[in-house]
Each structure stands twice: as C-alpha cells, then as structure tokens.
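Fold and contact review
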Amino acid sequence: MTKAGQVVLMGFDVDGVLTDGTLYFSAQGDAMKAFSSLDGHGLKMLQRGGVEVAIISGRSSAALELRAANLGITELHMGIDDKRAVMGELLARRAIGFAQAGYMGDDVVDLPLLRACGFSAAVADAHEEVLGRVDYVAGKKGGSGAVREVCDLILRARGKWDDAMAEYLA
C-alpha cells in the first residue's frame, strides 16, 4: 500500500490549496473566497470513504466557516501559526501517529507539517521549495481541482474508489 493508502486523517491548507490564493476584500473589509465545487465533492467523497478531513489555515474567514459547515467538516482550525502542533493534537486525540496523517499545502509555512506527515501533497503552483519536498504534486493548481485529484488518489490507494463510484454508476 502506498503512503496515500495509509491516510486516515487528511488535512488541507486553504489559501492557495482550496482556493487559488487570491485574497478578495469587500469595501467593508470582509474577506471573500472562491471554492471549487469539484474539490468540495472530493472532500465529501473522502469523508464517506472513511478518511477524516481537517482544515488547518493560517487565516480566519467567515467564508471558510460557511464552506466547512457546508461540507460537514468539523475539524476547522483557523488563524493557526503552528499547523504541525494542531495536527499533533488532532492525532493524539485519536491515538494515531503522523504516519497515518496527510496534509496538502502550497507554501513554505506548510513545510513543517508536510514533512511530519506520512503523506504530503502540493498543488501544481506551489512554491518551488514545497514542490521538491512532497510525496505528490497535483497536476492542477490550487482552487482548480487539485484537492479533488488528491482525494481521488487517496480513495484509490485505500481501495475505496469502486465503492465511492458505485452510487454514481448504478
């Protein structure tokens, strides 16, 4: 089984991974984000396939809170400086180790967590220092289906792809 097949908890960064990294602000200072529906469905499929999903982001956003709630993601951690420590706490509560965790990021601030996890992934347009230090580089850019690509990869590696597709092919 590949590293991706060992994942039972998969974490994702937001800006540059679940979004294209562009920050939009209204005149009132509200942050707005655009999320891919393909990525969202991939996250739902991953959860149905038995992999818990966590979002660990350096920024806080009401838009992200709404998106996470819409996707049924309860492990939402925003405004985080030490992402590795947060993942460590999540894993400790579940009595599992970093070898069974994965994370997808795009920038150098993600490297401590990416390097700690048993499986690490990056978007195609991640920083060059990240691209050379992860297990998998998606063919797609952040906010454009890269998360879906990794969700599908994990489902296949865990032998859950046929089950995930069964309801759509019946």
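Throughout what follows, the structure given in this document is the object of discussion. (Residues numbered from 1 in each chain as written. Predicted model: local features only at pLDDT ≥ 70, side-chain atom pairs only at ≥ 80, totals over all residues. Heavy atoms only, no water.)

The secondary structure content of the protein chain amounts to 7 helices and 8 strands. Compactness check: the protein chain gives a C-alpha radius of gyration of 15 Å against a globular reference of 15 Å for 170 residues, within 12% of the reference. Principal axes of the C-alpha set define a box for the protein chain whose edges measure 50 × 35 × 30 Å. Counting all 170 residues of the protein chain, 46% fall into the buried class. Pairs at least 24 apart in sequence give 53% of the contacts found in the protein chain among residues at least 6 apart. Taken as a whole, the protein chain presents about 8100 Å² of accessible surface, with 50% of it coming from carbon and sulfur. Where the 18 positive side-chain charges of the protein chain centre and where its 23 negative ones centre are 4 Å apart. (Helix = DSSP H or I, 4+ residues; strand = E, 2+ residues; numbered from the N terminus. Rg over C-alpha atoms; globule rule 2.2 N^0.38 Å. Buried < 20%, exposed > 50% of the residue type's maximum accessible area, 1.4 Å probe, protein only. Contact = heavy atoms within 4.5 Å. Areas by Shrake-Rupley, 256 points an atom, 1.4 Å probe, with all protein chains shown as cover. Lys, Arg positive; Asp, Glu negative; His and termini not counted. Charge placed at Lys NZ, Arg CZ, Asp CG, Glu CD.)

With that settled, consider the nonpolar core. Of all hydrophobic cores here, the largest spans 49 residues; its most connected members are M10, F12, L43, L46, M87, M104 and I154. Considering each element in turn, this core owes the most residues, 6 residues, to helix 6 (residues 146-157). Not counting chain neighbours up to four residues away, the residues in contact with M87 comprise L9, G11, I56, F98, A101, G102, Y103, L113 and C117. (Core = buried A, V, L, I, M, F, W, Y, C linked by side-chain atoms within 4.5 Å.)

All right, on to the state of the cysteines then. In total, this model carries 0 disulfides according to the counting rule given. For the unlinked cysteine C117, the closest cysteine sulfur is that of C151, found at 15 Å. A relative accessible area of 8% places C117 in the buried class. (Disulfide = S-S within 2.5 Å.)

Quick look at the environment of G40 now. In this fold, G40 is placed in helix 1 (residues 37-48). Spatially, the C-alpha atoms of G40 and G145 are 9.1 Å apart, while their sequence positions differ by 105 residues. Every residue in contact with G40, bar those within four places of it in the chain, is listed here: R67 and L71.

To continue, consider the sheet that holds strand 7 (residues 119-122). Here we have 6 strands laid out as an open sheet, ordered 5-4-1-6-7-8, and parallel in their pairing. Two strands close off the open sheet at either side, each with one partner strand: strand 5 (75-77) and strand 8 (136-137). Note that strand 6 (residues 101-105) and strand 7 share 4 bridges and pair parallel. By the bridge assignment, G105 is partnered in strand 7 with A122. (Pairing = 2+ DSSP bridges.)

One can find G16 in the loop between strand 1 (9-12) and strand 2 (24-25). With a relative accessible area of 7%, G16 lands in the buried category. Separated by 38 residues in the primary sequence, G16 and A54 place their C-alpha atoms 16 Å from one another. The residues touching G16, leaving out its near neighbours within four places in the chain, are G21, D106, V123 and G142.

What you see with strand 7 is no split at all: F119 and A121 on one side and S120 and A122 on the other are buried throughout. Crossover handedness for the path strand 6 to helix 4 (residues 111-116) to strand 7: right-handed. Pairing geometry for strand 7 and strand 8, over 2 bridges, is parallel. Considered in strand 8, the bridge of A122 is made with V137. (Right-handed = clockwise from strand over helix to strand, strands pointing away.)

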